[in-house]
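One-letter residues, chain by chain:
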10 protein chains.
Amino acid sequence: MEPTATPSADQLETFPNPRPGRDYTIEIVCPEFTSVCPKTGQPDFGTIIFTYVPDQWCVELKSLKLYLQRYRNMGIFYEQVTNRLLDDFVAACQPRRCTVVSKWTPRGGITTTVTCHYEREQPASSSPAGGATPSTSPG
Amino acid sequence: MEPTATPSADQLETFPNPRPGRDYTIEIVCPEFTSVCPKTGQPDFGTIIFTYVPDQWCVELKSLKLYLQRYRNMGIFYEQVTNRLLDDFVAACQPRRCTVVSKWTPRGGITTTVTCHYEREQPASSSPAGGATPSTSPG
Amino acid sequence: MEPTATPSADQLETFPNPRPGRDYTIEIVCPEFTSVCPKTGQPDFGTIIFTYVPDQWCVELKSLKLYLQRYRNMGIFYEQVTNRLLDDFVAACQPRRCTVVSKWTPRGGITTTVTCHYEREQPASSSPAGGATPSTSPG
Amino acid sequence: MEPTATPSADQLETFPNPRPGRDYTIEIVCPEFTSVCPKTGQPDFGTIIFTYVPDQWCVELKSLKLYLQRYRNMGIFYEQVTNRLLDDFVAACQPRRCTVVSKWTPRGGITTTVTCHYEREQPASSSPAGGATPSTSPG
Amino acid sequence: MEPTATPSADQLETFPNPRPGRDYTIEIVCPEFTSVCPKTGQPDFGTIIFTYVPDQWCVELKSLKLYLQRYRNMGIFYEQVTNRLLDDFVAACQPRRCTVVSKWTPRGGITTTVTCHYEREQPASSSPAGGATPSTSPG
Amino acid sequence: MEPTATPSADQLETFPNPRPGRDYTIEIVCPEFTSVCPKTGQPDFGTIIFTYVPDQWCVELKSLKLYLQRYRNMGIFYEQVTNRLLDDFVAACQPRRCTVVSKWTPRGGITTTVTCHYEREQPASSSPAGGATPSTSPG
Amino acid sequence: MEPTATPSADQLETFPNPRPGRDYTIEIVCPEFTSVCPKTGQPDFGTIIFTYVPDQWCVELKSLKLYLQRYRNMGIFYEQVTNRLLDDFVAACQPRRCTVVSKWTPRGGITTTVTCHYEREQPASSSPAGGATPSTSPG
Amino acid sequence: MEPTATPSADQLETFPNPRPGRDYTIEIVCPEFTSVCPKTGQPDFGTIIFTYVPDQWCVELKSLKLYLQRYRNMGIFYEQVTNRLLDDFVAACQPRRCTVVSKWTPRGGITTTVTCHYEREQPASSSPAGGATPSTSPG
Amino acid sequence: MEPTATPSADQLETFPNPRPGRDYTIEIVCPEFTSVCPKTGQPDFGTIIFTYVPDQWCVELKSLKLYLQRYRNMGIFYEQVTNRLLDDFVAACQPRRCTVVSKWTPRGGITTTVTCHYEREQPASSSPAGGATPSTSPG
Amino acid sequence: MEPTATPSADQLETFPNPRPGRDYTIEIVCPEFTSVCPKTGQPDFGTIIFTYVPDQWCVELKSLKLYLQRYRNMGIFYEQVTNRLLDDFVAACQPRRCTVVSKWTPRGGITTTVTCHYEREQPASSSPAGGATPSTSPG
Ligand SMILES: [Ca+2]
Ligand SMILES: [Ca+2]
Ligand SMILES: [Ca+2]
Ligand SMILES: [Ca+2]
Ligand SMILES: [Ca+2]
Ligand SMILES: [Ca+2]
Ligand SMILES: [Ca+2]
Ligand SMILES: [Ca+2]
Ligand SMILES: [Ca+2]
Ligand SMILES: [Ca+2]
Ligand SMILES: [Ca+2]
Ligand SMILES: [Ca+2]
Ligand SMILES: [Ca+2]
Ligand SMILES: [Ca+2]
Ligand SMILES: [Ca+2]
Ligand SMILES: [Ca+2]
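Residues numbered from 1 in each chain as written. Chains lettered and ligands numbered in written order. Predicted model: local features only at pLDDT ≥ 70, side-chain atom pairs only at ≥ 80, totals over all residues. Heavy atoms only, no water.

### Re the overall build of chain A
When helices and strands are tallied, chain A shows two helices and six strands. Going from the N terminus to the C terminus, chain A shows its helices and strands as β-β-β-β-α-α-β-β. Taking all 139 residues of chain A together, the buried fraction comes to 54%. Intrachain contacts of chain A at a sequence separation of at least 6 include 67% that bridge at least 24 residues. (Helix = DSSP H or I, 4+ residues; strand = E, 2+ residues; numbered from the N terminus. Buried < 20%, exposed > 50% of the residue type's maximum accessible area, 1.4 Å probe, protein only. Contact = heavy atoms within 4.5 Å.)

Put into structure tokens, the structure is as follows:
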């Protein structure tokens, strides 16, 4: 663990999607996320859920784990980190769609969840699917 | 705690939305809400859930906590308080959309939930989503 | 408790909807409903759930409780009582929409749920939502 | 119990729908279903769920219980029995819509659920709903 | 158990769909799936869920169990195996639609789920449903 | 149902214990109990649990159900009814031991449980158990 | 509600134990307790559970509810309030035994439970009660 | 399945306990038990749990399953069948200790559990075991 | 947060036990504990539960939170940290009894819990309380 | 993974108990155990729970994981494997006490759990407890 390194999309290693011809969904649940509140200096704890439809690349899980660990001693707000996780994930694997959800443990009796979504812009003629369940392209 | 002060939208502090270019959702669950029934003088207990898509401003959580505490000794009915919470929240941060749900503990063997929704009126050319899951604007 | 009185919509007291300009939803869960099976003379036990969008009037909860208690010694079938509860509720508060669900404890190893829905007929120009989550009229 | 009699739609007694003018839903959960696997001779155990919108007739629950008991010693596969239950139910009460779900206990570490749906063909001018939640006809 | 044999769609035995005239759904939950991670050589454990609408053929459960057991000592990644399970299943029984979900136990504190879907291409004039709940063809 | 009759231990029918030579335990859970609060006139709802070691007689369940139904319109407090249920049960079947637990639904946000226990006095030389798990007499 | 009055054992009304000759247990669960942290001025929320064996007197529930409400705006620590609740309860009804448990909602990610027990000193020769709640030595 | 054969302890096959020198516990949960109520002719459904400390013999599971299936069409009361199951089990494998629990699905809103225990008589000098967790003999 | 400081019993602040004359129990659940595995350098996550009977001093919760945060970047094994937490807690407040439980999230598919207990040595004549947590012989 | 190697106590690596002067408990839950039924050749799946009080040595978790994986393709019955796991564990780390529980997934509708316990023989003067919660021996 490199607790002082800055998390970077470059850390996220990818491997070729074994079935790029099919829209399918990968969900990755990471319940051991922790960062630091920039205002109070206290640690925050949350679960991060990535759900994506890969295009040419899938994200390698161990590199994702190491990437997430770099937030351990970093001060960052809920809204910022959720958007940043989505941006880095999208930058790393350029998925067709991706949703990032962060669910945080209670602070002051209040529990927060942030949900961000990315969808690749479509060429005009295509008509794919808005929901999380992808339609299937011809086999 | 200022138990005699009146709750006011002015109490709700905001900070700039770190990603205004993206529609995304913030959910805030507040299970420690209490007010007083105006009819019986008995305390009511409930969970308040705010779900919103921020526009230019996000609501700061500690100010929300303090704002909610001002209902502690205030007499107000379920339907009134839920609509008022939505109005104050909308006034404070002018979100694109917001839902407030209040779930109350049983009284006389009966449990009540009130759900109010706000959606900003759209200019004619825009095509906003209707559901709680926002579509994503171009990055 | 007046165990021999007949339940009547007249018992249901109402109060003015504090926010008639907004479509919003009130859910009322009543897990202590009991009536009598007309066929066997045995008591039935169920949970009644009212979900409605008020128009000009909301239903007062204590009067609803007392109204429901009048079924205590009354013989009535599942389908009849669910439809009657909906009719009485609609007659009392003339909501925009209302759903009544009755969930009964098992008899002969079999569990029954009955769901009835009312939706006010709309003038031709209006564009009402179809689902349980109301769309919001302009504030 | 007549363990050797064959189940028949004729067993299913009906009573007049008390509110034929309203589309409403009746769900009947039967967790004590048992039949015999024709291949192994071993008993199968499942939960059968009927969900229907009655038209002129409702199914009487005790007759349904006795009908289901006749499968107790009968050899029949999951797919067959689920379709047959739907056919018999539809034949008996001619509902507007009906779904039958059978959920079976694990065999060889594998759990199976079969879901069959019937919807009455509509005259061309009608506009029936597709989902399980019926739209309401005018009162 | 033949731990060294390669899993093959040929292993999947089928039987004639007892009701080909009706679109209906069969769900098969297999919580005892295990394979080997090609990278670490460590065993993986998951639950595989097949949900399909049969056309002319249904998959026989015991053959499915034996087919799945052949992955026991085989090195294969999450994404690969899920797509392969779908391909083999589709090849074996040529369903109208099929979804395969694989839910894996945590590794490095991270839990993964992969969801793949197949839908038979439709002739231009037909308009079949897209969702998991099939509409019903005429009886 | 005879809603105006007074419950009486005489209603409780018994049958000979099929194995009086063995101390064993019978637990009977009755979640559909209802009586009336003498103070408010409002109905109370509770679950009654009888756990007993029969001696010469067991209690017949249908008579127990009918006996409990006679409390339906009777005004009686939690503590009184729990002790009375134990006394009547003991009078009816003279068990070696018996516990009656009554668990009530919330009133005023408060939930109450009452637990009463009876144990037959032992001749001096015997060595009775104290707990709910009976010791076994010689076979 | 008298939010400024001080809670007092005198508020707790009692009624004669209907069965003083039998040791039996009454459990009262109060999930709507709230007081104020003297250090931070922030409200605390907890569940209070009283479990007691009455002697000559039982505690009347409505008076207990009103008594607990007087802590609503009172500054008091977890340990203090739990011991005080036990002292007041014992003073009011002089039970044979009593346990008070307070379970608090999380603060700073930490959840606290305090458990206090009282047992009346016994004359040497007596041999009370064989229940699962252990007797305590004199304080 | 031989639905008309009478269940018999002879059906229960045993195999030599692989570790007779150690007291250890085997628990067998059978949630698919069904028999017939002799009074009403209706089927009963229950879960049977055997917990035993083997001596020289363990019970073979498949034979136990087949033995239990013979109750499928047999009329027998809850108390009788539970004691009989214990007697047959003890006769078949002569365990050091055995408990049989039968938990039945609700009838008339009432749920029943029967618990029977056997413990082999001990020679005078030995003093083993009151609890469910066996003490261990020397290795 | 001082991520590089070493945790020390001196950090744990105490306040006088408000009721030293009574043995009572305080349980503190800390689900947000994290440290680092000395072998792999990977973060560990666990829940720490302190349960103690205070003597003259109680532990102040905020100081406990800050103390626990100092393990955030410290390499220490499960067994070591659990014993150390107990030692520091006992050193800080000298309780009559204390148990520390640490429950860790899974690693390699394996979940670990460590439970340590301390009990102050008693003078020979004393007879301390008989709660469910067993007394310990001298350390 | 060495799927053909035989599991052996020699595989279990140990490290010195960091606190041998204190009796404390380590629980290790392994939900990913699989072996093969010698009778049917079908795979078995279970959860293995080790609970022990270390003496001079603790078991290293990774070696335990690798040890358990060697059962993957080995034919062995439930009772045998549970006793063998206990024997190997005791041989490897010579604990003061150890319990091994194996809980298996259902086969033929039947679920089995096997519980084995080891306790080191005590010198004559000691008086060890019989329950699952160990009393502590002198340091
Ligand atoms: Ca997903
Ligand atoms: Ca949410
Ligand atoms: Ca609702
Ligand atoms: Ca239902
Ligand atoms: Ca339904
Ligand atoms: Ca299923
Ligand atoms: Ca499905
Ligand atoms: Ca998942
Ligand atoms: Ca019981
Ligand atoms: Ca209790
Ligand atoms: Ca606790
Ligand atoms: Ca036992
Ligand atoms: Ca505790
Ligand atoms: Ca554990
Ligand atoms: Ca343990
Ligand atoms: Ca068990």
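### Observations regarding the coordination of the calcium ion (ligand 10)
At 3.0 Å from the calcium ion (ligand 10) lie its protein donor atoms, namely E27(G) (OE) and E27(G) (OE). Mapped onto the elements, E27(G) comes out in strand β2 (residues 25–36). (Donors = N, O, S within 2.8 Å, 3.2 Å for Na, K, Ca; no water.)

### Some details on the side chain of T99(E)
Residues and elements named next belong to chain E. Inspection of the secondary structure puts T99 in strand β5 (residues 97–104). Separated by 2.6 Å, the side chains of T99 and H117 make a polar contact. T99 has contacts with I49, F50, T51, T115, C116 and H117, leaving out every residue within four places of it along the chain. (Polar contact = N/O pair within 3.5 Å; in protein donor to acceptor, adjacent residues only side chain to side chain.)

### Section: helix α2 (residues 78–93) of chain C
Residues and elements named next belong to chain C. Between its first and last C-alpha, α2 extends 23 Å over 16 residues, near the 22 Å set by a 1.5 Å rise per residue. Among the 16 residues in α2, twelve count as buried, and that is most of the element. If you check which residues of α2 are buried, you get Y78, E79, V81, T82, N83, L85, L86, D88, F89, V90, A92 and C93. Taken from the residues just after α2, Q94 is the one with a positive phi, measuring 45°. (Expected span 1.5 Å × (residues − 1).)

### Description of the packing of helix α1 (residues 61–69) of chain D against helix α2 (residues 78–93) of chain D
Residue and element names in this part refer to chain D. Running from N to C, α1 and α2 point in directions that differ by 145°, and their axes come no closer than 13 Å. Of the two elements, α1 crosses α2, and the hand of that crossing is right-handed. The residues of α2 that touch α1, namely those facing L64, Y67 and L68, are R84, L85, D88 and F89. Residues belonging to the contact of α1 with α2 are distributed by class as follows: five nonpolar, no polar and two charged. (Axes fitted to C-alpha atoms, helices over the stretch in contact; angles between N-to-C directions. Left-handed = near helix turned anticlockwise from the far one by under 90°. Nonpolar A, V, L, I, M, F, W, Y, C, P; charged D, E, K, R; others polar.)

### Digging into the UniProt feature "binding site: substrate" (unreviewed entry) in chain A
The sites that carry the UniProt feature "binding site: substrate" (unreviewed entry) are, in the present numbering, V59(A), E60(A), L61(A), Y78(A) and E79(A). Their sequence span is 21 residues, while the largest C-alpha to C-alpha distance among them is 24.7 Å; these annotated residues do not converge on one region. Assignment of secondary structure puts E60(A) in the loop between β4 (57–59) and α1 (61–69). For E60(A), a relative accessible area of 15% translates into the label buried. Among residues more than four places away in sequence, those in contact with E60(A) are E13(A), T14(A), F15(A) and K39(E). In this structure the side chain of E60(A) is engaged in a polar contact, spanning 3.2 Å, whose partner is the backbone nitrogen of K62(A). Within the element layout of this structure, Y78(A) appears in helix α2 (residues 78–93). Judged by relative accessible area, Y78(A) falls into the buried class, the value being 11%. (UniProt positions renumbered as here; feature names shortened; annotations may be inferred.)

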